[in-house]
Amino acid sequence: MVMDLFRSEEMMLCQLILPADSAHETITKLGEVGMFQFKDLNADKTAFARTYASQVKRCDEMLRKLRFFAEQIAKADIMVSPKAGVQRPYELDELEGKLHELETELLEANSNQNKLSRSHSELVELQLVLEKAGGFFEDAMRDVSSIQDELHARAHLPDGSSSPGPSIQTPLLNSATDGAAIELQETGGMASNSARLGFVTGLVLTEKAQAFERVLFRATRGNMFLKMAHIDGLVKDPVLGTKLEKTVFVVFFAGERARTKILKLCEAVGANRYPFPEDRARQSQMNAEVNGRLRELHVTLDAGERQREHVLSEMAVSLADWSVQVGREKAVYHTLNKLSVDVTRACLVAEGWCPVVAKGRVTDAIDRASFQSSAQVSTVFKELPTKEAPPTYFQTNKVTEVFQDIVDAYGVARYREVNPAVFTIVTFPFLFAVMFGDFGHGLLMLLFSSFLVIYEKKLSNVNNEIFNMIYAGRYCILLMSIFSMYTGLLYNEFFSMPMSLFGSSHYVCPSDPSLPFSRCEAGAKDGLIMNPELDTPYMIGVDPVWHGTKTELQFTNSMKMKMSVIMGVVQMTAGIFLSAVNHRHFKDNLSMICEFIPQVLFLMAMFGYLSLLIIAKWCMGTREHPITADLYHVMIYMFLSPGNVDCMDSITGKAGCSENLMYSGQGGVQLFLVFVMLVCIPWMLLPKPLILKKRHEENMRAGFNLLVEDDDDSSNGGNGAHAEFEFSDILVHQIIHTIEFVLGAVSNTASYLRLWALSLAHAELSAVFWERILMLGISLKNPAVIVACFFMWAMATFGVLMAMESLSAFLHALRLHWVEFQNKFYCGDGYKFVAFSFAEVLSEMHL
Amino acid sequence: MYGWEALYFNAKDGYAEALVRGLRRGLLTASEYTQLCQCETLEDMRLQLQNTSYGAALANEPAHSLTASALFDRCTRTLVEEMQHLRCQASQPLADFLDLITRGYMIDNVVLLVTGTLRERDVQELLEKCHPLGLFDSIGTLAVAQNMRELYKFVLVDTPLAPYFSECLSCEDLDEMNIEIMRNTLYKAYLDDFASFSEKLGGATSEFMSEILSFEADRRTITITINSLGTELTRDDRRKLYSNFGTLYPQGQLALATCEDTDQVRNVLESHSAFSAVTSRMSYSEGTGALLDKVFFEEEVKRAVGAFEMQFHYGVFYAYLKLKEQEIRNLLWISECVAQDAKDRIYDGIVYIF
């Protein structure tokens, strides 16, 4: 199983010769299997010039209809039943006819319904106008009667104005201009015969009401009177069919020209005008009429709506099935378009890649297809010899998928090269955990990731981009959390506090073992001693006694730094050895000798040696004979004065830097290592291009001799000998490669120090949050403050540590894998195997 | 040449510029046009356009209602959506710049509506014909106006076009001639405003924009001249419509103002090397209108493509709009040719962008 992932699946280039009558069935079966990648044999043809373009167009049209149905169904709030698959599948032509029929039916129902609901909303609007405008007029009537009473009392009333028409209108103006009521009344009365006031009523969108008023004012030069009343709630617009905020208006004006202007304006701002009778009696009559018609319309509308819903809910039952069917058909025709057609149109030729393991399934599907379509001629399946690079295909499962994605994001593996994803499964969460090491934070993350893993079926339907990203990485997060708990145990940190799982400490005060550390003065001076009763270091991880001491940072820094270097060297060395595995697999002895061996030697001579010194220093030091050698200096002086470890001045004979000396014979060993490194550089640089050049020249010479023979024979001669050979290119490439490796050896090792840096940052941040927020709050002994501080601490832990820190540790781990690890062996210039599969096609369509 | 905008440009406008450069990558290439020209039906065109920026907009158009004008509408809608998206992403002064770009369409819409109402067309019908980039609130109320003063007082005083009206506030009635004069006066004021605005922006923006706007000014000058030949427009009136900048300003304009037939126009233009392409086409026939347009479009496309060679300037937005507009014109031409089965002329109307 693991070895499946180690190298990509073996591929073969196959040719299918399909009889025309069974081609469709065969492609369908292959789509179900999903293990065949078709090559486009018509790449030079435009999309519509291909054989099955018309079928693709038909499918597109059907999909459009289905989208239309889905939209209508969603608008009507009807649940679409999931893929049932029970119905007998229609033939494509039959389905097309059915869809067409349904579409016309639905469109007709829609237009009927639209007409009805349009008149319905018009009536509703009219009703509103009657109600609101009636209100204006009623108010006016009350005013007019009061004014008339007053005027009667004064007995000034001219005869002409006693007619009911103007006396209704004029007081309206008066109510607007309170002060000049009587004068206007008189002038209005006198002019009533020549310039009768007219009015227009209707509804306008509330948002446009202001602009409407302004334009009205300008257009009539102020010779109008506008009354508006906002309608509470939304009103359905007859034309748009959506619910909008509206306002009822009544405009009064004088003269015919103003009338045309106002009518035009109403049209321009999209206001709906409605007739409004002046007469009270006719008003109430109209109101009753409108009410009656509304009731009737309600009945018809409901009936229509029920019928439409019936059609829609019938559709909803099989909509998913139809979409799946049409989607599959379209995909089949797309694939058929990639096939080249024989001149006689009797058969189609397909070429494509197929994994060797799936050959049985593919041929089986082909056989079944030709049996089912009862074709006279069976499909021919044959393997083609090729030099083309096959696609890369890994069989992943839900756990390995995310790690394969991490690797693929950098580059898809070359065909059959070692797949770093195998190692990434363990090293990625581990390196993450080194930076994120805290038992408590790991525990929180574990809770979160196990939630994702346990409820993965339920959560798979959530449609949120960010959540889906986290969801896809749930198994990676799970491993990351488990490793974090492990490293947290090693660092002995639980939300930055040490855990005393194995006793409080294995150290005691040297003067009196029973004395607590806080009162142990000797301990502060000379350090603690190991508890003589236990005589072992702390069982797992860092002794809790380090916490809070002055030397805590120095201790953990030194430990984490050295640990980072060792882990880096181990991972890089593993990378180089994987390149050897690649060289062996591709039978590239030249690279094995001229690249792998010098690379290993170089890295081992420099940082392998350093790691060795680190481990030696850890193991050999005792209390009585501590090793004082400073490993920075050892490394620096190894290059500054090779062979002369303690910087012995040759004249005075005095050692300038005796702290460099760690063991006897160090000078000789280091001199040898430096010599090895110096040899390795030209070894990596020169032999490979020179040998390649020589081989090429030999091939050329041999080629002249072989010219008489058949071309096919020469193809098994050598790998890529026929490709164009440009010596300068290869040399430059090799120079770059060498420089990259030599500089990279130093910079990549330094790069692993990020493990230490991030781990330090994480520990310090969580300590600060603990001490400065939570502990500070607790020390104040006020319950409210404690709750508030706990809240702040929890927020800081979630926001900063769990979210931001984990993201940054993730990115750094990603970088260490992509750059430091993979550049040692990974080419990543392959291309993915994209099989023709219905499952993929339909998931892209969100079905 | 770049000034200091390289220091701060990306902080403010980098995203919008990246967007517009990304959109430019979606413009159709010559080979795609060749493929489109081979289409037999509009359905074929839709299939061919499926993987372009127009794909999504065209997908939901029912097959039976797919006409050349529907295709044009849908394509224009994608352009409008793109421009609105850019406008939403823009900060000042880019937002102002993008607003200024759309003023030209506003002018066209105003003219369209006013002429439409003169001929007593339905307002809603006219509104549908307006370019969606040049729509503004209360544009429909234009229909009420009887003369220019009313036009200004009722409606346009609230719109950004108001300042451009200072030149044409005469009380003259709206007849076709006056409307055309109004359009050109407005455009002249607009170009002046746009030029001075981009001048203020400085740097590569003003450099590119002054070049392309002076081209625009020259183009308008020449079109005005040719269109006014044989009309009652006096020389002085004609001169007034010419822009106050451009390579033809002022000597060429003086000469053009006196022209009375196309030969004279050609003679004037021949003395300006920049217009040699124009003059060589003009000699063919009297019906130069369409041909002349194409020459200008080609020239404009050439300049607009050049805008993308420089970085850190707003010209790319202007250039993108022009290129996309041209592309949609090309698509309209192709679809008309396909729909009317006039394939022999299909290559005549296409202005290749790349």
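Reading the values: the criteria
- Residues numbered from 1 in each chain as written.
- Chains lettered and ligands numbered in written order.
- Predicted model: local features only at pLDDT ≥ 70, side-chain atom pairs only at ≥ 80, totals over all residues.
- Heavy atoms only, no water.
- Helix = DSSP H or I, 4+ residues; strand = E, 2+ residues; numbered from the N terminus.
- Rg over C-alpha atoms; globule rule 2.2 N^0.38 Å.
- Buried < 20%, exposed > 50% of the residue type's maximum accessible area, 1.4 Å probe, protein only.
- pLDDT = per-residue confidence, 0-100.
- Disulfide = S-S within 2.5 Å.
- Pairing = 2+ DSSP bridges.
- Phe/Tyr/Trp six-rings, centres within 6.5 Å; stacked < 30°, edge-to-face > 60°.
- Lys NZ or Arg CZ within 6 Å of the ring centre and 35° of its normal.

**Describing the overall build of chain B**
Then step 1. Secondary structure summary: chain B contains 16 helices and zero strands in total.
Then step 2. Against the 2.2 N^0.38 benchmark of 20 Å for 354 residues, chain B shows a C-alpha radius of gyration of 21 Å, consistent with a compact globule.
Then step 3. Counting only C-alpha atoms and orienting by the principal axes, one finds that chain B spans roughly 55 × 55 × 45 Å.
Then step 4. Counting the 354 residues in chain B, one finds 53% classified as buried.

**A closer look at the confidence of the model for chain B**
Then step 1. Here chain B shows a mean pLDDT of 82. Residues at 70 or above account for 94%.
Then step 2. If you check the scores for this complex, the pTM reads 0.72 and the ipTM reads 0.71.

**Examining the state of the cysteines**
All names here are of chain B.
Then step 1. One pass over the structure, following the stated rule, counts zero disulfides over all chains.
Then step 2. Unpaired in terms of disulfides, Cys-37 finds its nearest cysteine sulfur in Cys-39, a separation of 8.1 Å.
Then step 3. For Cys-37, a relative accessible area of 5% corresponds to the buried category.

**Describing unusual backbone geometry**
Then step 1. Each neighbour pair has its own omega, and for B:Gln92 with B:Pro93 the value is -5 degrees, a cis peptide bond.
Then step 2. Phi at A:Lys781 takes a positive value of approximately 60 degrees, unusual for a residue other than glycine.
Then step 3. Of note, A:Lys781 is situated in the loop between helix H25 (754–779) and helix H26 (783–821).

**Re the pairing of strand S3 (residues 197–205) of chain A**
Residues and elements named next belong to chain A.
Then step 1. Within S3, nine of the nine residues are buried, which leaves the element mostly enclosed by the surrounding structure.
Then step 2. Where burial is concerned, the two faces of S3 agree: the one with Leu-197, Phe-199, Thr-201, Leu-203 and Leu-205 and the one with Gly-198, Val-200, Gly-202 and Val-204 are both buried.
Then step 3. With three bridges connecting them, S3 and strand S6 (residues 272–274) associate as antiparallel partners. Looking at S6, one finds that Thr-201 is bridged to Tyr-274.

**Overview of the packing of aromatic side chains**
Then step 1. For the structure shown, the criterion picks out 41 aromatic pairs over all chains.
Then step 2. With a centroid separation of 6.0 Å and an interplanar angle of 70 degrees, the aromatic rings of A:Phe38 and A:Phe836 are classed as edge-to-face. With A:Phe38 in strand S2 (residues 37–38) and A:Phe836 in the loop between H26 and helix H27 (838–844), this pair connects stretches of sequence that are 798 residues apart.
Then step 3. When the ring of B:Phe194 is compared with that of B:Tyr318, the centres are 5.9 Å apart and the planes differ by 70 degrees; the resulting orientation is edge-to-face. In this pair, B:Phe194 is assigned in helix H9 (residues 176–201) and B:Tyr318 in helix H16 (residues 315–339), connecting sequence segments 124 residues apart. Each of the two residues, B:Phe194 as well as B:Tyr318, counts as buried.
Then step 4. Each member of the aromatic cluster is reached from another via a ring pair, and the members are B:Phe9, B:Phe97, B:Tyr164, B:Tyr187, B:Tyr190, B:Phe194, B:Phe312, B:Tyr314, B:Phe317 and B:Tyr318.
Then step 5. Residue placement shows A:Lys693 over the ring face of A:Phe727; its charged tip is 4.9 Å from the ring centre.
Then step 6. B:Arg220 extends its terminal NZ or CZ atom over the ring of B:Tyr187, reaching a point 3.6 Å from the ring centre.

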